[in-house]
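The lines below spell out each chain.
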Amino acid sequence: MSVRHRVQVSGSVSASVECADDQRLLDAFLRNNVYLPNSCNQGTCGTCRVKVTCGSVSAPTVDDDVLTPELQAEGYVLACQSTPDSDVTIEAPTESSAPRHRLRDLTGTVSEIRALARDTVAVFVDVTEPLDFSAGQYMEITVPGAGLSRPYSMANPPSTDSTLEFHVRRVAGGTATDRWIFDSLSSGNRVDLRGPWGDFVHDLETTGPMILLAGGTGLAPLKSIALEALSLDPEREVHLYHGVRYADDLYESDFWRSIGVAHPGFRYQPCVSRETGVGRPGYVGDAVADDFATLRGAVAYVCGPPAMVDGAIKACRRRRMSARHIHREKYTPATELASVEG
Ligand code: FES
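Quick caveat: nothing in here was measured; it's all calculated off a predicted structure.

Asks: Just give me the short version of the environment of valine 201, but keep the residues and values in it.
Replies: Tracing the backbone through its elements, the reader meets valine 201 in the loop between strand S13 (190-197) and strand S14 (210-215). Residues valine 201 and histidine 239, spaced 38 residues apart in sequence, show a C-alpha to C-alpha distance of 16 Å.

Here it is as structure tokens:
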């Protein structure tokens, strides 16, 4: 039986929560309305670091590039990986602009699986009541019988609707995709979800141009962000670049063109890096650098594989976008999972 400890949070906001000795600190905080910056929930980004000032916690070894040895020596730990061994006091940046939605465990029912592109589907899951989340956040979906879960971003914007939309690309040999979602998952199946997680979005209500750069199914959170931004301001200047390797990997192009008809400030740019004839040839970062002499005053949201994200960020910086206005979410295939899958 698990033992419960008291975790006292100090900082600009003070709070006290109970946390079981087999429960991660971040999980306990988010279930109790203590909102910390968090992104990967995998121990790979360092976003959720907190300082233990009293008591002790257990945590797996952390890579030095996630938390420097100096910070570890000062008592910093990753809240998404640490469990309490005793009553604990921590210092946390509770003044964060992280989305404020309570973490929940849900069971949903698959209502539709829709082919989007080669090896890519949209999975629609009905939950019993609308989920409170921010555009850009994700859910962890439990893979039945595998003892693991996988993160998938909501592609739908927050709304009163209780259907969640996820984009999934098949990973050859992948436990979640090849051996479950693409193999046996079908309409009517029940799925377990936990979330929402992540703090990709910070300032949707700013007014400058919004540049969205997606690689593959990194389009999912950017779809949610674009639709939410356009519902807040239908005239908003939004530029969506969707990068894929081959034309067969593009999806929802007609949908995005229809958004451009309805919203005069919206531009859609499909970019194909390994063949010509459909979309713009090359990478999304190069397309952005070609299209803008300067990106001062603009905000960017970038989501996709690490190399694509790094290239897109460099392009935005070359065009003088402020680093604090560039928000990123890296994901990698499940075989080397580091952050959000898509
Ligand atoms: S390391 Fe904890 S959220 Fe990324």
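Asks: Pulling in residues and values, what's your account of the sheet that holds strand S2 (residues 15-20)?
Replies: Spatially, the 5 strands line up as an open sheet ordered S2-S1-S7-S3-S5, and their pairing is mixed. Only two strands of the sheet have a single partner each, and these edge strands are S2 and strand S5 (76-78). Going from strand to strand, the sheet's axes swing by 40 degrees on average, the running direction of each strand aside. One ladder, built from 3 bridges, connects strand S3 (residues 49-54) with S5; its direction is antiparallel. Bridge pairing in S5 links valine 50 to valine 77.

Asks: Tell me about the pairing of strand S10 (residues 138-143), and please be specific about residues and values.
Replies: Most of S10 is tucked away, with 5 of its 6 residues classed as buried. Note that S10 and strand S11 (residues 148-153) share 6 bridges and pair antiparallel. Looking at S11, one finds that tyrosine 138 is bridged to serine 153. Two successive antiparallel strands, S10 and S11, enclose a turn made up of 4 residues, where glycine 145 displays a positive phi of approximately 75 degrees. Pairing of S10 with S13, which is carried by 3 bridges, proceeds in the antiparallel orientation. Within S13, the residue paired with glutamate 140 across the bridge is arginine 194.

Asks: Lay out the domain arrangement of the protein chain with the relevant residues and their values.
Replies: Each assigned domain of the protein chain is listed with its residue range as follows: domain 1 (4-91), domain 2 (104-197) and domain 3 (210-336). Computed over C-alpha atoms, the centres of domain 2 and domain 3 are 22 Å apart. Taken together, the contact between domain 2 and domain 3 spans 20 residues of the former and 18 residues of the latter. Between domain 2 and domain 3 lies a buried interface of about 1,600 Å² when both sides are counted; carbon and sulfur atoms form 60% of it. Linking domain 2 with domain 3 are 3 salt bridges, by the criterion used here.

Calculation notes
Residues numbered from 1 in each chain as written. Predicted model: local features only at pLDDT ≥ 70, side-chain atom pairs only at ≥ 80, totals over all residues. Heavy atoms only, no water. Helix = DSSP H or I, 4+ residues; strand = E, 2+ residues; numbered from the N terminus. Pairing = 2+ DSSP bridges. Axes fitted to C-alpha atoms, helices over the stretch in contact; angles between N-to-C directions. Buried < 20%, exposed > 50% of the residue type's maximum accessible area, 1.4 Å probe, protein only. Domains from an automatic or database assignment. Contact = heavy atoms within 4.5 Å. Buried area = accessible area lost by both parts, 1.4 Å probe. Salt bridge = Lys/Arg side-chain N within 4 Å of Asp/Glu carboxyl O.

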